[in-house]
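Chain by chain, the residues:
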Amino acid sequence: MGNTVAREDFEWVYTDQPHADRRKEILAKHPEIKALMKPDYNLIWVVVLMVLAQLTAFYLVKDLDWKWVVFWAYVFGSCISHSMTLAIHEISHNSAFGNCKAMWNRWFGIFANLPLGLPYSISFKRYHMDHHRYLGGDGIDVDIPTNFEGWFFCTRFRKFIWIVLQPFFYAIRPLYINPKPISRLEIVNLLAQLAFDVAIYYLWGVKSIFYMLAGSVLGLGLHPISGHFIAEHYMFLKGHETYSYYGPLNLLTFNVGYHNEHHDFPNIPGKSLPLVKKIAAEYYDNLPQYNSWIKVLYDFVMDDTISPYSRMKRQLKGEVKQD
């Protein structure tokens, strides 16, 4: 339990990320993939149904004993909440209404955010675009842990605690690594969320509020779906910075597991990423991949050579453009 991992710094690289070059190669060889670059209108109805499902759950838990509120928050609410964050991820790429209706996507993201309890959608969009443009960029990509995280969470027990506290670190890391001025839409997101939370409390009481917030925190912490946070970019194999997952939990996560495919083609909705893999199989079949996010979490904790430092990091050159 007390073993210290060997890594003492990030893996610094001085090459460009591989996704842009692979995208060019694939499109040259398989131009038919361009036909997949269109909105997924089914996403709209799925998100609406998810919001309605959570509203129903808020009502149903209001009179339960606390032990059952906690139980359902983890068993059901956490799954819906984490799935909704990945719906918001899809919406951040304008997958719901298309690039020509960018503001429709922003407003829809605020709507999808409501059952999470905490404002998230607009800020996520701003930082997530940086993650795609400048993958691993020092001081830009807030998906990279801080030096403190890498230094402190260096034993099996501490890495376990780090997984539990992932929602906390994802929330505060942007403020430390790459703080941005608050935008008008972020204020709108905050006010809409506060109004929604107050309405839920007024209508159904503190147990519904607890269920909502606990589901979000639990779903993004020690939860099978949370394996994707580590599976996507933590370097279990030296030289590979993005990994795909092809297991069944993709059904709940809008295919976020198809992560090499997603970084290669961020303008293709998650629904169509399995087709990208099928069409360009020669580019993806031999890349490192996972079939279990639970095993990823277990290996991260138990492998004494892996820690929050196990990420590729880049010193960016030239002009950096951020949202």
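Source: prediction; values computed, not measured. (Residues numbered from 1 in each chain as written. Predicted model: local features only at pLDDT ≥ 70, side-chain atom pairs only at ≥ 80, totals over all residues. Heavy atoms only, no water.)

Q: Let's hear about the nonpolar core: which residues, and what values?
A: Ranked by internal contacts, the top residues of the largest apolar core, which has 38 residues, are Val-47, Met-84, Trp-162, Ile-230 and Phe-300. Only α2 (42-61), α3 (66-92), α4 (102-113), α7 (156-164), α11 (227-231) and α15 (293-302) provide two or more residues apiece to this core. Those residues in contact with Phe-300 that sit more than four places away from it in its chain are Lys-159, Trp-162, Ile-163, Ile-230, Tyr-234, Phe-236, Ile-306, Ser-307 and Pro-308. Within the second largest apolar cluster, 13 residues are counted, among which are Tyr-246, Tyr-258, Ile-268 and Val-276. (Core = buried A, V, L, I, M, F, W, Y, C linked by side-chain atoms within 4.5 Å. Buried < 20%, exposed > 50% of the residue type's maximum accessible area, 1.4 Å probe, protein only. Helix = DSSP H or I, 4+ residues; strand = E, 2+ residues; numbered from the N terminus. Contact = heavy atoms within 4.5 Å.)

Q: If you had to explain the UniProt feature "transmembrane region" (unreviewed entry) in the chain to someone new, which residues and values would you point to?
A: In the UniProt entry, the feature "transmembrane region" (unreviewed entry) is given for residues 43-61, 68-87, 107-124, 187-204 and 210-231. Helix and strand shares over residues 68-87 are 100% and 0% respectively, and the end C-alpha atoms of the span are 27 Å apart. The straight-line gap between the two end C-alpha atoms of residues 210-231 is 29 Å; of that span, 68% is helix and 0% is strand. (UniProt positions renumbered as here; feature names shortened; annotations may be inferred.)

Q: Now, about the packing of α7 against α15: what can you tell me, with residues and values included?
A: Here α7 crosses α15 at 140°, and the two axes come no closer than 8 Å. In terms of axis orientation, α7 runs oblique to α15. In contact with Arg-156, Lys-159, Phe-160, Trp-162 and Ile-163 of α7, α15 contributes Leu-297, Phe-300, Val-301 and Met-302. In terms of residue class, the contact of α7 with α15 is made up of seven nonpolar, no polar and two charged. (Axes fitted to C-alpha atoms, helices over the stretch in contact; angles between N-to-C directions. Parallel < 35°, antiparallel > 145°, perpendicular 65-115°, else oblique. Nonpolar A, V, L, I, M, F, W, Y, C, P; charged D, E, K, R; others polar.)

Q: Tell me about helix α8 (residues 166-177), residues and numbers included.
A: Spanning twelve residues, α8 covers 16 Å between terminal C-alpha atoms, matching the ideal 16 Å at 1.5 Å per step. Listed as buried for α8 are Gln-166, Pro-167, Phe-169, Arg-173 and Pro-174. The inward-facing, buried residues of α8 abut α5 (121-133), α6 (147-152), α7, α10 (206-219) and α11. (Expected span 1.5 Å × (residues − 1).)

Q: Tell me about the packing of α4 against α5, residues and numbers included.
A: Two elements in contact, α4 and α5, have axes whose closest approach is 8 Å; the angle formed by their N-to-C orientations is 125°. If you check the angle between α4 and α5, you find them oblique. Along the contact surface, α4 presents Arg-106, Gly-109, Ile-110 and Asn-113, while α5 presents Ser-121, Ile-122 and Lys-125. When the residues that make up the contact of α4 with α5 are grouped by side-chain class, the tally is two nonpolar, three polar and two charged.

Q: Any chance you could break down the pattern of salt bridges for me, citing the residues and the numbers?
A: Per the counting criterion, the structure on display carries 15 salt bridges. Here Lys-238 and Glu-11 are joined by a salt bridge, their closest N and O atoms 2.5 Å apart. Of this pair, Lys-238 sits in the loop between α11 and β2 (244-245) while Glu-11 sits in strand β1 (residues 11-13); the two residues are 227 residues apart in sequence, bridging distant segments of the chain. Given a relative accessible area of 64%, Lys-238 falls into the exposed group. Here Lys-62 ties to Asp-63 by a salt bridge, and the two come within 2.8 Å at their closest N and O atoms. Here the salt bridges do not stand alone but share partners, grouping Asp-130, Arg-133 and Lys-180 into one network. (Salt bridge = Lys/Arg side-chain N within 4 Å of Asp/Glu carboxyl O.)

Q: How would you summarise the environment of Arg-22 if you had to cite specific residues and measurements?
A: As for its placement among the helices and strands, Arg-22 is situated in helix α1 (residues 19-29). Apart from residues lying up to four places away in sequence, Arg-22 is in contact with Asn-260, Asp-264, Tyr-283, Tyr-284 and Leu-287.

Q: Outline the side chain of Asn-189, supporting the account with residue identities and numerical values.
A: In this structure, Asn-189 sits in helix α9 (residues 184-204). Within the local environment of Asn-189, its side chain forms a polar contact with the backbone nitrogen of Ile-122, the two atoms lying 3.2 Å apart. Setting aside anything within four residues of it in sequence, one finds Asn-189 in contact with Ile-110, Asn-113, Pro-119, Tyr-120, Ser-121 and Ile-122. (Polar contact = N/O pair within 3.5 Å; in protein donor to acceptor, adjacent residues only side chain to side chain.)

Q: For α10, give the residues involved together with the corresponding values.
A: Between its first and last C-alpha, α10 extends 19 Å over 14 residues, near the 20 Å set by a 1.5 Å rise per residue. Considered for burial, the residues of α10 that qualify are Lys-207, Ser-208, Ile-209, Tyr-211, Met-212, Ala-214, Gly-215, Ser-216 and Gly-219. Looking at the packing, one finds that the buried side of α10 touches α2, α3 and α9.

Q: Talk me through the layout of surface pockets; I want residue IDs and the actual numbers.
A: Of the pockets and cavities examined, the largest pocket occupies roughly 1,200 Å³. Of all the secondary-structure elements, those providing two or more residues to the lining of the largest pocket are α3, α5, α8, α9, α10 and α11. The element that contributes the greatest number of residues to the lining of the largest pocket is α5, accounting for seven residues. Looking at the second largest pocket, its volume works out to about 530 Å³. (1 Å grid on protein atoms, 1.4 Å probe; cavity = no way out; pocket = protein on both sides within 12 Å on 5 of 7 lines; lining within 4 Å. Points joined across faces, edges and corners; volume = space filled by probe spheres on them.)

Q: Tell me what's going on with the environment of Ser-78, and back it up with residues and numbers.
A: Of note, Ser-78 is situated in helix α3. Along the chain, Ser-78 and Glu-241 lie 163 residues apart, while their C-alpha atoms are 28 Å from each other. Excluding residues that lie within four positions of it along the chain, Ser-78 makes contacts with Ala-73, Gly-215, Leu-218, Gly-219 and His-223. Among the polar contacts made by the side chain of Ser-78, one reaches the main-chain carbonyl oxygen of Tyr-74 at a distance of 2.2 Å.

Q: Lay out the environment of Leu-165 in plain terms, naming residues and giving numbers.
A: Residue placement: Leu-165 occurs in the loop between α7 and α8. Leu-165 sits 155 residues away from Val-320 along the chain, and the two C-alpha atoms are 30 Å apart.

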